[in-house]
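# Close look at the chain arrangement
Here is what each chain is made of, one letter per residue.
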Amino acid sequence: RTLIIGACGQIGTELTLALRARKGEDTVVASDIREGDVDLMSSGPFEIIDATNKEALSNCVDKYNISEVYLMAAMLSATAEKHPQKAWELNMNSLSHVLDLAREGKIKKVFWPSSIAVFGPTTPKDNTPQTTIMEPTTVYGISKLAGERWCEYFYRTHGVDVRSIRYPGLISWKTLPGGGTTDYAVEIYHKALEDGTYECFLSEDTYLPMMFMEDAINATISIMEAPKDEIRVRSSYNLGGISFSPKEIAASIKRELPNFTITYRPDFRQKIADSWPKSIDDSLARDDWGWEHQYELDDISREMLSQLKKQREELTDTID
Ligand code: VAH
């Protein structure tokens, strides 16, 4: 069976639903510190687990005879700057417990998400290579860089089969994003429908690597299903997708909603975004396990707006 820790998060929610559809609902156990949305809670087993509690994790692995774990619980970049110690403890202790369970032979395979946040201001910003200078300036980025080193260490020293992806900013409609710097690229679609305008917390030419959630979920499943010997990188694979700026995503939305307007009021998250790459070289992921993104920016805008419109109609139907 599969256990997803942090199943109520932005990635965890869609990953749980996708894995349940693929493997059968009862074979995928979802867990989080709090309950999730109705689709998640009604489609298979759920456990309330604090990801920093090793005994609780170990008991769940025993109870459901878990063989693989997706550890999706973490505090993201913007929130982590407000709670650095808590972020470090959550991001690092949860990984340490899961790697230990794998070293002890209780689980056979681990997925752990890293992020382009592992790169910093001294990293080459265009087409950032897989191996390069990594001096992250955020607590979140530091925790993800340290986590990558632990993953590679547990693979080399204990043969733990842990696989990882450096996600770019992710855009999804099923859940609201939770405290990331790239969240503007999700909020903008909600505001475009609600208010017809969006005040963006990043400046108009802030280019960042981004990806639609469906592409990210497919990449996650692909890397986990790839034969062990095809995984050459045991720290974490670069994953790029597309890159765009707030100005470009606003223009893409305007093509669907001509009256949409955007204003800019950069806040503390501008400094975080400025420390990250503009675009990513993900050729290793393409070579090693056939990675290919499908969604371009206009595809994302069409899909986001149509799905959010549907969600709003369903919401008003239930209220009427
Ligand atoms: C964040 N969405 O903004 C996450 C991600 C690359 C960005 O790690 O913190």
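Residues numbered from 1 in each chain as written. Predicted model: local features only at pLDDT ≥ 70, side-chain atom pairs only at ≥ 80, totals over all residues. Heavy atoms only, no water.

In the annotation of an unreviewed UniProt entry, the chain is listed under the name NAD-dependent epimerase/dehydratase family protein and assigned to Sungkyunkwania multivorans. On record in UniProt, under Sequence similarities (unreviewed entry), the comment for the chain is "Belongs to the NAD(P)-dependent epimerase/dehydratase family." (UniProt positions renumbered as here; feature names shortened; annotations may be inferred.)

The terminal C-alpha atoms of helix α5 (residues 84–103) lie 28 Å apart, and with 20 residues this matches the ideal 28 Å at 1.5 Å per residue to within 8%. Taken as a whole, α5 has its buried residues at A87, L90, N91, M92, S94, L95, H97, V98, L99, D100, L101 and A102. G105 occupies a position one or two residues after α5 and carries a positive phi of about 80°. (Helix = DSSP H or I, 4+ residues; strand = E, 2+ residues; numbered from the N terminus. Expected span 1.5 Å × (residues − 1). Buried < 20%, exposed > 50% of the residue type's maximum accessible area, 1.4 Å probe, protein only.)

Attention shifts here to the pattern of salt bridges. Evaluated as defined, the whole model comprises 21 salt bridges. Ionic pairing is found between E148 and R166, a salt bridge with its closest N-O pair at 2.7 Å. Placement of E148 in helix α6 (residues 139–158) and of R166 in strand β6 (residues 162–167) is noted, with a sequence separation of 18 residues between them. Residues E148 and R166 agree in their burial class; the two are buried. What emerges from the salt-bridge pattern is a single network uniting K54, D100, R103 and E104. (Salt bridge = Lys/Arg side-chain N within 4 Å of Asp/Glu carboxyl O.)

As a general point, the strands of a sheet are linked pairwise by backbone hydrogen bonds and lie either parallel or antiparallel. Strand order in the open sheet formed by 7 strands is β3-β2-β1-β4-β5-β6-β10, and the pairing between neighbours is parallel. One side of each edge strand has no neighbouring strand; the edge strands of this open sheet are β3 (46–48) and β10 (237–238). Two elements, β6 and β10, share 2 bridges in a ladder whose sense is parallel. When the sheet's bridge partners are listed, R166 is paired in β10 with N238. Across the face of the sheet, α6 comes into contact with β5 (109–115) and β6 while running at roughly 145° to β5. The strands touched by helix α8 (residues 213–225) are β4 (68–71), β5, β6 and β10; relative to β6, the strand with the most contacts, the crossing angle is about 155°. (Pairing = 2+ DSSP bridges. Contact = heavy atoms within 4.5 Å. Axes fitted to C-alpha atoms, helices over the stretch in contact; angles between N-to-C directions.)

Spatial strand order, β7-β9-β11: 3 strands in an open sheet with mixed pairing. Either end of the sheet is taken by a strand with one partner, and the two such strands are β7 (169–171) and β11 (242–244). Each neighbouring strand pair of the sheet contributes to a mean axis angle of 45°, computed without reference to strand direction. Bridge count between β7 and strand β9 (residues 208–212): 3 bridges; the pairing is parallel. Note that in β9 the partner of G169 across the bridge is M210. Of the strands in this sheet, β7, β9 and β11 touch helix α7 (residues 184–194), which is tilted by about 25° from β7. Sheet strands touched by α8: β7 and β9. Its angle to β9, the strand with the most contacts, is close to 80°.

The next point concerns the UniProt feature "domain: NAD-dependent epimerase/dehydratase" (unreviewed entry) in the chain. Using the residue numbers shown here, the UniProt feature "domain: NAD-dependent epimerase/dehydratase" (unreviewed entry) corresponds to residues 3–240. Across residues 3–240, the secondary structure splits into 42% helix and 18% strand, with the terminal C-alpha atoms separated by 27 Å.

Here we come to the nonpolar core. Counting residues in each nonpolar core, the largest one holds 70 residues, and the members touching the most others are I171, Y184 and Y189. Once residues lying within four places of it in the same chain are set aside, the contact partners of Y189 are I171, I249, I253, L297, I300, S301, M304, L305 and L308. (Core = buried A, V, L, I, M, F, W, Y, C linked by side-chain atoms within 4.5 Å.)

This part is about the environment of L308. Following the sequence through the fold, L308 ends up in helix α12 (residues 297–319). For L308, a relative accessible area of 2% translates into the label buried. Aside from chain neighbours lying at most four places away, what touches L308 is W173, Y189, H190 and L193.

Unusually for a residue other than glycine, N65 sits at a positive phi of about 55°. Its location among the elements puts N65 in the loop between α3 (54–64) and β4. Residue class for N65 comes out exposed when judged on its relative accessible area of 61%. The phi angle at N127 is positive, at roughly 55°, despite the residue not being glycine. By secondary structure assignment, the location of N127 is in the loop between β5 and α6. Exposure remark for N127: the relative accessible area of 46% places this residue in the partly exposed category.

Structurally, the position occupied by S43 is in the loop between α2 (38–42) and β3. A polar side-chain atom of S43 sits 2.8 Å from a polar atom in the side chain of R20. In terms of polar contacts, S43 uses its side chain to reach the backbone carbonyl oxygen of L40, at 3.3 Å. Beyond its immediate sequence surroundings of up to four residues, S43 is in contact with L17, R20 and E25. (Polar contact = N/O pair within 3.5 Å; in protein donor to acceptor, adjacent residues only side chain to side chain.)

Attention now goes to the pairing of β4. The alternating pattern of β4 places E68 and Y70 on one face and V69 and L71 on the opposite face, and all of these are buried. Pairing of strand β1 (residues 2–5) with β4, which is carried by 4 bridges, proceeds in the parallel orientation. Opposite I5, over in β4, you have L71 as the bridge partner. Bridging between β4 and β5 involves 3 bridges; their strand directions are parallel. Looking at the pairing, Y70 lines up with F111 of β5.

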